[in-house]
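Chains, contacts and geometry: an overview
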Amino acid sequence: MGNVTTQSSVPLQQKAGFSATPQDDNSVVSGASSAPKFVQGMGLFSATAIVMGSMIGSGIFIVSADMSRVLGSPALLIAAWLVTAAMTMIGALSYGELAAMMPKAGGQYVYLREALGPLSGFLYGWTLFVVIQTGTIAAVGVAFGKFLGVFFPAVSAGNWIWHIGHVPTWPVGPMVLGNMDIGLNTANLAAIVVITLLTFLNTRGVRLGAAVQNVFTSAKVLALLAVVAVGFVAKNAAAVTANFGHAFWANSGWSTWHSVQVGVGGPIQYVGILTVIAVVQVGSLFSSDAWNNVTFTAGEIRNPRRNLPLSLALGTGVVSLLYIACNFVYMSVLPLAGSADATTLAGRGIQFAAQDRVATAVMQAAFGGVGAKLMAGAILVSTFGCVNGMLLAGARVYYAMSQDGLFFKSAGRLNEKTKTPVTSLWLQWGWTCLLCLSGSYGQLLDYVIFAVLVFYVLTIFGLFVLRVKRPDAERPYRAIGYPILPALYIVMAVWICGVLLRYKPQYTWPGLLLVLLGVPVYAVWRRQGIKD
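We now turn to the structure provided with this report. (Residues numbered from 1 in each chain as written. Predicted model: local features only at pLDDT ≥ 70, side-chain atom pairs only at ≥ 80, totals over all residues. Heavy atoms only, no water.)

Some points on the overall build of the protein chain
Assigned secondary structure in the protein chain consists of 20 helices and four strands. Taking 2.2 N^0.38 as the reference for a compact globule, 532 residues should give roughly 24 Å; the C-alpha atoms of the protein chain span a radius of gyration of 23 Å, in line with that estimate. The principal-axis extent of the C-alpha atoms belonging to the protein chain is close to 65 × 55 × 45 Å. Burial status across the protein chain gives 58% buried among its 532 residues. Expressed as a percentage of contacts within the protein chain between residues at least 6 apart in sequence, the contacts between residues at least 24 apart total 78%. For the protein chain, the exposed area adds up to about 20,700 Å²; of that, 66% sits on carbon and sulfur atoms. Looking at charge distribution, the protein chain has the averaged site of its 31 positive side-chain charges lying 3 Å from that of its 16 negative ones. (Helix = DSSP H or I, 4+ residues; strand = E, 2+ residues; numbered from the N terminus. Rg over C-alpha atoms; globule rule 2.2 N^0.38 Å. Buried < 20%, exposed > 50% of the residue type's maximum accessible area, 1.4 Å probe, protein only. Contact = heavy atoms within 4.5 Å. Areas by Shrake-Rupley, 256 points an atom, 1.4 Å probe, with all protein chains shown as cover. Lys, Arg positive; Asp, Glu negative; His and termini not counted. Charge placed at Lys NZ, Arg CZ, Asp CG, Glu CD.)

Right, dumping it as structure tokens:
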């Protein structure tokens with residue numbers, strides 16, 4: 001992936017469905033003209049790096065194990081990732097129209113506000129701050145600490161510096177609350193150090209933050225390409241036969257029934273193909289999440305009416321292809337089926353890879369102990385870059401909310417020298433660090449998976465609303481396949497939401513409650529305001 005030259009921009013725009021309208025040099029700052037304004041310091045490469053860097057965390061290296069246990073079929077595992085790729089690409093192409101139409105800091109928050117009203121925008125921003133963005137940063141940061149322990153054993157979630165206590169298990173309907181340790185250990189200390197360092201770097205200016213993102217995104221893409229290359233040099237004949245012979249289509253017929261446990265410790269029910277693929281989207285769809293983060297930074301992207309839609313299409317397309325390729329590689333090195341009691345990598349297979357670390361098992365099968373360390377190093381690079389991208393992008397949403405009087409006033413100010421929302425970055429840092437210490441980020445992320453998908457549906461529905469409300473608005477890029485592809489996304493996402501409500505209530509109802517908690521907060525903020 002290289003930079004796009006000026007000479008090639010018109011053909012690229014025409015191929016992607018862009019119109020030749022002049023760019024809006026909007027730096028997106030409300031208030032007096034003397035107020036600091038965002039610096040448009042990111043081009044197409046940097047914007048694409050944010051898309052890819054925010055998407056690629058640690059999920060692709062892990063989630064295929066759990067997915068394969070539920071699916072029990074090589075064909076269905078690939079089908080599930082193809083569904084994820086299709087939805088991600090359609091979502092990105094749809095968001096491209098909104099991004100080109102409203103290239104403002106805050107991105108998705110702004111689209112929801114303009115299409116469906118300020119309450120919907122606030123509920124998104126509220127959920128983003130409470131857990132979607134901050135919880136993800138905390139989880140990815142702690143994952144960094146855990147994999148750092150491969151090289152430095154003293155870094156461990158069990159190595160406590162200050163153990164405050166253990167919260168006991170508390171079953172509430174389909175949910176299981178609690179069951180977490182609170183305090184400071186060396187793993188979450190490593191997370192806090194990385195989050196603090198990257199927050200500080202991002203306060204120094206968008207160009208520095210973007211430079212860090214460019215370097216680490218390039219490195220993690222190279223790491224994924226290296227994993228793909230393993231499929232060519234370490235192909236296992238027995239695994240290839242087991243996964244791609246007659247067994248490839250095993251358990252994938254329309255008449256096949258798959259067992260799914262309802263909730264936590266609930267009854268086992270049997271479902272068909274469309275339902276079971278929807279169930280496992282908890283893993284694959286949200287391993288591909290956060291591609292929308294680039295829209296938050298629209299005020300700092302050069303020629304955003306062109307570069308935002310292009311970066312969304314390029315970033316999601318490349319990552320989706322890499323993810324599908326990685327799964328083919330996994331199945332060319334290890335058999336899908338395995339046993340939890342086996343003592344060999346091949347015996348455990350993809351389904352029961354140790355701690356679900358499929359990519360690590362594949363690298364270990366190819367290169368022994370050195371391979372496991374190489375994979376740990378790749379995940380360190382991946383998680384570091386993911387944290388940086390999400391820190392950089394998230395703060396811009398809280399900035400936009402503050403501009404609307406719906407967040408702390410100081411979060412809506414830019415630093416005079418660096419032109420960055422410094423207070424917004426540090427507020428995000430503080431809450432994220434608290435989540436690291438509380439140990440609650442994992443549960444909270446489980447709870448908002450459903451809510452994230454609902455906000456995607458609402459935003460794409462907003463595309464239809466704005467076509468009606470603002471038919472004459474300037475649209476430098478129009479969503480490819482409109483109205484069929486955006487409508488298809490809504491249908492697919494609503495189907496997945498319905499399946500999750502029925503079969504995975506522990507991932508759905510709590511998320512809805514977290515979102516609805518924002519309603520009274522919104523009312524208070526609108527009536528009284530919040531004083532710093």
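Section: the environment of Tyr489
Inspection of the secondary structure assignment puts Tyr489 in helix 18 (residues 484-503). Separated by 405 residues in the primary sequence, Tyr489 and Thr84 have C-alpha atoms spaced 11 Å apart. Aside from chain neighbours lying at most four places away, what touches Tyr489 is Met87, Ile90, Gly91, Leu453, Tyr456, Val457 and Ile460.

What about the packing of helix 6 (residues 118-148) against helix 7 (residues 186-203)?
Between helix 6 and helix 7, whose axes approach to 7 Å, the crossing angle comes to 120°. Here helix 6 is positioned oblique relative to helix 7, judged by the angle of their axes. The crossing of helix 6 and helix 7 is right-handed. Note on element contacts: helix 7 touches helix 6 through Ala187, Asn188, Ala190, Ala191, Val194 and Ile195, opposite Ile137, Gly141, Val142, Phe144, Gly145 and Leu148. (Axes fitted to C-alpha atoms, helices over the stretch in contact; angles between N-to-C directions. Parallel < 35°, antiparallel > 145°, perpendicular 65-115°, else oblique. Left-handed = near helix turned anticlockwise from the far one by under 90°.)

Notes on the packing of helix 6 against helix 15 (residues 369-403)
Look at helix 6 against helix 15: their axes get within 9 Å of each other, and the N-to-C directions meet at 160°. Looking at the two axes, helix 6 sits roughly antiparallel to helix 15. Regarding helix 6 and helix 15, the two cross each other, and that crossing is left-handed. Counted by class, the contact of helix 6 with helix 15 contains 22 nonpolar, seven polar and no charged residues. (Nonpolar A, V, L, I, M, F, W, Y, C, P; charged D, E, K, R; others polar.)

Comments concerning the side chain of Asn292
Summarising the element assignment, Asn292 is placed in the loop between helix 10 (273-287) and helix 11 (293-296). Within the structure, Asn292 has its side chain in polar contact with the side chain of Asn293 (distance 3.4 Å). (Polar contact = N/O pair within 3.5 Å; in protein donor to acceptor, adjacent residues only side chain to side chain.)

Quick word on unusual backbone geometry
With an omega of 0°, the peptide bond running from Tyr482 to Pro483 counts as cis. At Asn303, a position not held by glycine, the phi torsion is positive, near 45°. Relative to the helices and strands, Asn303 resides in the loop between helix 11 and helix 12 (304-333). Within the chain, Gln355 stands out as a residue other than glycine whose phi angle is a positive 55°. Mapping Gln355 onto the fold places it in the loop between helix 13 (345-348) and helix 14 (358-367). Take Gln355: its relative accessible area is 63%, and that puts it in the exposed class.

Description of helix 14
The complete set of buried residues in helix 14 reads Val358, Ala359, Thr360, Ala361, Val362 and Met363. Close packing links the buried residues of helix 14 with helix 3 (64-71), helix 8 (206-233), helix 12, helix 13 and helix 15. Of the residues one or two after helix 14, Gly368 is the one with positive phi, at around 70°.

Concerning the environment of Ala100
Take Ala100: it is sitting in helix 4 (residues 74-101). Since its relative accessible area comes to 0%, Ala100 is described here as buried. For Ala100 and Arg306, which are 206 residues apart along the polypeptide, the C-alpha to C-alpha distance reads 6.8 Å. Filtering out sequence-adjacent residues up to four positions away, Ala100 remains in contact with Arg305, Pro309, Pro476 and Tyr477.

Thoughts on a nonpolar patch on the surface
Where nonpolar side chains cluster on the molecular surface, the patch consists of Ile161, Trp162, Ile164, Leu189 and Val193 and spans about 510 Å² of accessible area. Elements with a minimum of two residues in the nonpolar patch: strand 1 (160-172) and helix 7. Here the nonpolar patch takes three residues from strand 1, the largest share from any one element. Mapped onto the elements of the fold, Ile164 is located in strand 1. (Patch = residues over 30% accessible without salt bridge, like charges linked within 9 Å, V, L, I, M, F, W, Y side chains within 5 Å. Salt bridge = Lys/Arg side-chain N within 4 Å of Asp/Glu carboxyl O.)

Re the side chain of Asn243
As for its placement among the helices and strands, Asn243 is situated in helix 9 (residues 237-244). Polar contacts involving the side chain of Asn243 include one to the main-chain carbonyl oxygen of Met331, which spans 2.6 Å. Discounting chain neighbours no more than four positions away, the residues touching Asn243 are Pro74, Phe248, Met331, Leu334, Pro335 and Leu336.

Comments concerning the nonpolar core
Ranked by size, the top nonpolar core spans 155 residues in total, and within it Tyr330 and Leu453 carry the most contacts. Sequence-distant contacts of Leu453, defined by excluding residues within four places in its chain, comprise Leu285, Phe286, Tyr489, Ala493, Ile496 and Cys497. (Core = buried A, V, L, I, M, F, W, Y, C linked by side-chain atoms within 4.5 Å.)

Describing the packing of aromatic side chains
Counting across every chain of the model gives 22 aromatic pairs. Judged by centre distance (5.9 Å) and plane angle (25°), the ring pair of Phe244 and Phe248 falls under stacked. Between Trp426 and Trp429, the aromatic rings sit 5.3 Å apart at their centres with planes inclined by 85°, giving edge-to-face as the arrangement. Placement of the pair is Trp426 and Trp429 together in helix 16 (residues 422-438), with a separation of three residues, close to one helical turn. Assessed through its relative accessible area of 29%, Trp426 is described here as partly exposed. Its relative accessible area of 27% is what places Trp429 among the partly exposed residues. Among the aromatic residues, those joined into a ring-pair cluster are Phe122, Phe129, Tyr398, Phe407, Phe408, Tyr522 and Trp525. Across from the ring centre of Phe147, 4.6 Å away, lies the NZ or CZ of Arg357, which sits over that ring. Note that Arg467 overlies the ring of Tyr482, its terminal NZ or CZ placed 3.8 Å from the centroid. (Phe/Tyr/Trp six-rings, centres within 6.5 Å; stacked < 30°, edge-to-face > 60°. Lys NZ or Arg CZ within 6 Å of the ring centre and 35° of its normal.)

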